[in-house]
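Single-letter residue listing:
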Amino acid sequence: MCFRSDTGGGEERPKWNNKAEYLLTCIGFAVGVGNVWRFPYLCQIYGGGAFLIPYLIALVFQGLPLLYLELAIGQRLRMGSIGVWNSISPYLGGVGVASMLVSFCVSLFYNTIVAWVLWYLFNSFQEPLPWSQCPLNHNNTGYVEECVESTPVNYFWYRQTLNITPNMETSGSLQWWMVVSLATAWSIVYICFVRGIETIGKAVYVTATFPYLVLTIFLVRALTLPGAYEGLIYLFTPDWEILKNPQVWLDAATQIFFSLSVAFGGLISFSSYNSQKNNCEKDAVLVGVINSATSIYASIPIFAILGFKAHTNYVTCLNGNILALTNEFDISDMNITVENYEQWFDSLNGTHPSRVSDLKLKTCDLQTFLDQSASGTGLAFIVFTEAVISMPGSQVWAVLFFIMLFSLGLSSMFGNLEGILTPLHDLKLVPKWMPNELFTGETIICLLLFLMALIFCLGSGNYWLEIFNSYVGSVPFLIIAFFEIIAVAYIYGIGRFSDDLEFMTGHRPNIFWKVCWLVISPLMLFVVLVAYVAVQAQTPPTYAAWNPDYVNFPNTEVLPYPDWVFAICVLLSSVPVISIPLVAIYRLICCMSGRHSKDSLHNNPNPYANEDYVVELLL
Amino acid sequence: MLVWILFLLCQVGAPALAQDLCQRDAPNGYKVRISLKTALGEDAYEWNQSEMFFFQATMAFAMRRHFQMETYNVDNIILCVQTSRVSFWFVVTSPDNTTMLIPKADVEKAVRMSRHRINNAFLLSDRTLEFLGIYPTLAAPVNPDTPPWLIVFGVVIGAVCAGIIALLVSSLLQKRRKEKGMTEDGQDEEDMQVKGVENGINLDGTYNRGFTDDDRFTKL
């Protein structure tokens, strides 16, 4: 075992019990809710099967090299993200700090999404499902107006779950049921996390594998539903023309990037608990491929169910028209059916056009219903819940779906928290006077994150979450990853890195990896970063507000961000990455003034240490 | 003779009068719409004159139930404008005076009171047996004492708290066991030697047993 880089302090670094735990944890971290609710949406709007081409190209040339790089440096240097980047170059220690800060911000809002999933899960144990019907108003004369104008599903999400305010300026109050769900989410994360990878390693046996079981069950169920076939054809019919649109390539690259969860620091932490003689090349390829395969596999049942939902909506629309025609012309009950509707309509319109037009029949087009796409929370909490109502045995499907989302979110939270805690442990920031097991770093961080995440439990919480999602969960990662790859490829040196890889895996990296690290990946990252910022700069900063008093309600009102909110957005994007130049400047100043850095991880050059005589026991 | 003429007039006039009372959009009448195939599918019965008679009987029952003093009969319910939908209009005449119609409001009250019985008589529901103008009362929401989600939440949070306490207790016990083990006297000297403790001083590194002067290993 090489003694070059030790954790210090004589304390042995925790180890994975077996390879399976490590792989499952990495896969669980990479496979998150985005695989289920972001990828199918992108597939749908970007020409179905054709989207797979830019997606797979981005995976091979950008995703896998970055993944391999992170796993390798974590395994070699055996430290969390801050320690690793400090070791590679003291001037780039800021990259680690930025990773930690970004992981901190992401943990804040990601667990709130998990809390929402828990809330829906708790509510799925009712008959009938609470989002299937409108509640009555206070004097029991009719249904609540807001619910009647929109849909019961929308009402349950916006009013009974979020209790959303009409705009961002109105903060509203803390919604106690949300606080309770958030507390549950954080407690569950804490209990899985309290002993570090010892408990995480056990938890991932369930949280990483359960989603696949549920997806398979849904696949089998969904394929037997009417309309599933149309949904799948719609999803996978390739539209090759779409490849000429640069936006597709940009979205494919960003999707692969965020889906693999690189630049969080979590992967570095996980691989740092490995023994150094582990083949991280195989691990990286395995995790990357499984992540993409899961995305594709998940999109099949999702789209089958969306096809079923579109079909149900189409049939309901048609039935409404049929009822109107039947009642108006006193035709025998059920003479007009979905199949012969067209003929009846034509004949009636021919004989009594004025009466037919007075009925104000809706135009029912299956394609329009299929086009109603949604991603993110809209897909899970509005579209999918509506589909589940029409399925026989809705409670079972709702419970399964939300447990699946919960496992996906929980396993990703492990990685997020590791990205915060491992660097803190390595920096030994936990004071010595902490008396007992109760007040470990995990407890403090979980408590702190829970208290800070209470802003998302306010009435305007959902708007804030969208801000965090768009501004923290995007540009900072691209910048961090860019610096990561530059640091390793050019500052650490590709030769030295290849030596390390030879030591760990037994063979030098082949030409493909070298070319990717040196040229292709940095170039792709840079182009994606610039294009992403350019696109964001062009779209005016607005948000969609749910305002029942809006003229066009139930459509959401598009409002611009207030100035103070926009300032916060800019701060959120820039503060994490500002640590990169700040630390570099600080180190430069220290270096120029000739003082040693007080950082305990900075390698103090010992004139008596001769590396040639370090004993390397090959295990 | 006169009686005979009067009798003939009544026979002819009464249905004509009845027809005048019951017509489409009658001010005191209601339109009824029945959707048999929607409700019963393949078990749908045929709507014929017997069913119409049954309807008259049911309406008469509803009127009797509401106005408990007056005895309504099948003849007091007049039906007209039948279509194949199935839909028709009906009016209710007073049992004392067959030319006088019962006001709409009273008929509505009677129907509302016995709506459930009328629906069940025809194996239909509020949606498939419609009285146009009489809106069904909305079902009262089922409000359980404790919302079900709170119960599920209670179970989950209880399990989590139990887990946290169990983990903390087990780690405390482990710590105590370790401390007990360290202060135990009569520990194996060899153990202490292996751990590199010599004369009570902790040495770094591993004790090399090849250099022990233990007589057990050498037999000279």
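Further up the page is the structure itself.
Residues numbered from 1 in each chain as written. Chains lettered and ligands numbered in written order. Predicted model: local features only at pLDDT ≥ 70, side-chain atom pairs only at ≥ 80, totals over all residues. Heavy atoms only, no water.

Glancing now at helix α5 (residues 81-88) of chain A. Since the α-helix packs 3.6 residues into each turn, any two residues three or four apart lie on the same face. All names here are of chain A. Of all the 8 residues making up α5, 7 are buried; the element is thus mostly covered by neighbouring parts of the structure. Considered for burial, the residues of α5 that qualify are Ser81, Ile82, Gly83, Val84, Trp85, Asn86 and Ile88. Check the buried side of α5 and you find it contacts α4 (52-77), α6 (93-123), α14 (266-272), α20 (394-426), α23 (475-505) and α25 (563-592). (Buried < 20%, exposed > 50% of the residue type's maximum accessible area, 1.4 Å probe, protein only. Helix = DSSP H or I, 4+ residues; strand = E, 2+ residues; numbered from the N terminus. Contact = heavy atoms within 4.5 Å.)

Residue and element names in this part refer to chain A. Applying the stated criterion to the full structure yields 2 disulfides over all chains. Bridging Cys134 to Cys147, the disulfide has an S-S length of 1.9 Å. On the S-S bond that ties Cys134 to Cys147, the torsion sits near -90°, and the link is left-handed. Of the two residues, Cys134 is situated in the loop between α6 and α7 (145-149) and Cys147 in helix α7; the sequence distance between them amounts to 13 residues. Comparing Cys134 with Cys147 shows no difference in burial state: the two are buried. Each sulfur of the disulfide joining Cys317 and Cys364 lies 1.8 Å from the other. Taking the torsion about the sulfur-sulfur bond, which here is approximately -80°, the covalent link between Cys317 and Cys364 counts as left-handed. Of this pair, Cys317 sits in helix α15 (residues 280-329) while Cys364 sits in the loop between α17 (353-358) and α18 (366-371), placing them 47 residues apart in sequence. Owing to a relative accessible area of 9%, Cys317 belongs among the buried residues under this scheme. Given the relative accessible area of 17%, Cys364 is considered buried. (Disulfide = S-S within 2.5 Å.)

Okay, the sheet that holds strand β2 (residues 77-83) of chain B next. Residues and elements named next belong to chain B. Taken in spatial order, the 4 strands of this open sheet run β2-β3-β1-β4, and their pairing is antiparallel. Taken across any chain shown, the strands that pair with only one partner, and hence form the sheet edges, are β2 and β4 (129-132). This sheet shows a mean twist of 25° between the axes of neighbouring strands, independent of strand direction. Here helix α3 (residues 49-66) sits on the sheet in contact with β1 (30-34), β2, β3 (87-92) and β4, set at roughly 140° to β2. In this fold helix α4 (residues 104-121) packs onto β1, β3 and β4, with an angle of close to 170° to the strand it touches most, β4. (Pairing = 2+ DSSP bridges. Axes fitted to C-alpha atoms, helices over the stretch in contact; angles between N-to-C directions.)

Next up on the list: the nonpolar core. Trp186, Phe402, Leu405 and Leu417 of chain A are the most contacted members of the largest nonpolar core, which totals 199 residues. Looking at this core, the element that brings in the most residues is α6 of chain A, giving 20 residues. Excluding residues that lie within four positions of it along the chain, Phe402 of chain A makes contacts with Val117, Tyr120, Leu121, Ser124, Trp131, Ala380, Phe381 and Thr385 of chain A. With 30 residues, the next largest nonpolar core counts Phe90, Val111, Ile118 and Ile134 of chain B among its residues. (Core = buried A, V, L, I, M, F, W, Y, C linked by side-chain atoms within 4.5 Å.)

This part covers the side chain of Glu557 of chain A. Residue and element names in this part refer to chain A. Tracing the sequence through the fold places Glu557 in strand β2 (residues 557-560). The buried charged residue Glu557 lacks any salt bridge partner; its closest oppositely charged side chain belongs to Arg159, at an N-O distance of 11 Å. A polar side-chain atom of Glu557 sits 2.9 Å from a polar atom in the side chain of Asn547. Other than its neighbours up to four places away in sequence, Glu557 contacts Tyr543, Ala544, Ala545, Asn547 and Tyr550. (Lys, Arg positive; Asp, Glu negative; His and termini not counted. Salt bridge = Lys/Arg side-chain N within 4 Å of Asp/Glu carboxyl O. Polar contact = N/O pair within 3.5 Å; in protein donor to acceptor, adjacent residues only side chain to side chain.)

Examined against the element boundaries, Ser87 of chain B turns out to sit in strand β3. Taking the relative accessible area as the measure of exposure, Ser87 of chain B reaches 1% and is therefore buried. Here Asp330 of chain A takes part through its side chain, which lies 3.3 Å from a polar atom of the side chain of Ser87 of chain B. Here Thr83 of chain B takes part through its side chain, which lies 2.7 Å from a polar atom of the side chain of Ser87 of chain B. With residues near it in sequence (within four places) discarded, Ser87 of chain B still touches Asp330 of chain A together with Lys31, Val32, Arg33, Val81 and Gln82 of chain B.

Each partner contributes residues to the interface: chain B has 29 residues there, and chain A has 33 residues. Together chain B and chain A conceal approximately 2600 Å² of surface at their shared face, both sides included; 68% is due to carbon and sulfur atoms. Contact with chain A buries area across many residues of chain B, yet Arg85, Leu138 and Trp149 of chain B alone supply 27% of it, more than any other trio. Viewed at the interface, chain A and chain B are joined by 2 salt bridges. With its nearest N and O atoms 3.9 Å apart, the salt bridge here joins Asp333 of chain A to Arg85 of chain B. Our enumeration of links across chain B and chain A arrives at 8 residue pairs in polar contact (both at pLDDT 80 or more). Here the element with the most residues in the side of chain B that touches chain A is helix α5 (residues 148-183) of chain B; it accounts for 15 residues. When the residues that make up the side of chain B that touches chain A are grouped by side-chain class, the tally is 16 nonpolar, 8 polar and 5 charged. (Buried area = accessible area lost by both parts, 1.4 Å probe. Nonpolar A, V, L, I, M, F, W, Y, C, P; charged D, E, K, R; others polar.)

Residues and elements named next belong to chain A. Running from N to C, α6 and α25 point in directions that differ by 165°, and their axes come no closer than 7 Å. Between α6 and α25, the interaxial angle falls into the category roughly antiparallel. Every pair of crossing elements has a handedness; the one defined by α6 and α25 is right-handed. Judged by residue contacts, Gly93, Gly94, Val95, Val97, Ala98, Leu101 and Val102 of α6 engage Val575, Pro576, Val577, Ser579, Ile580 and Val583 from α25. For the contact of α6 with α25, the class distribution of residues is 10 nonpolar, 3 polar and no charged. (Parallel < 35°, antiparallel > 145°, perpendicular 65-115°, else oblique. Left-handed = near helix turned anticlockwise from the far one by under 90°.)

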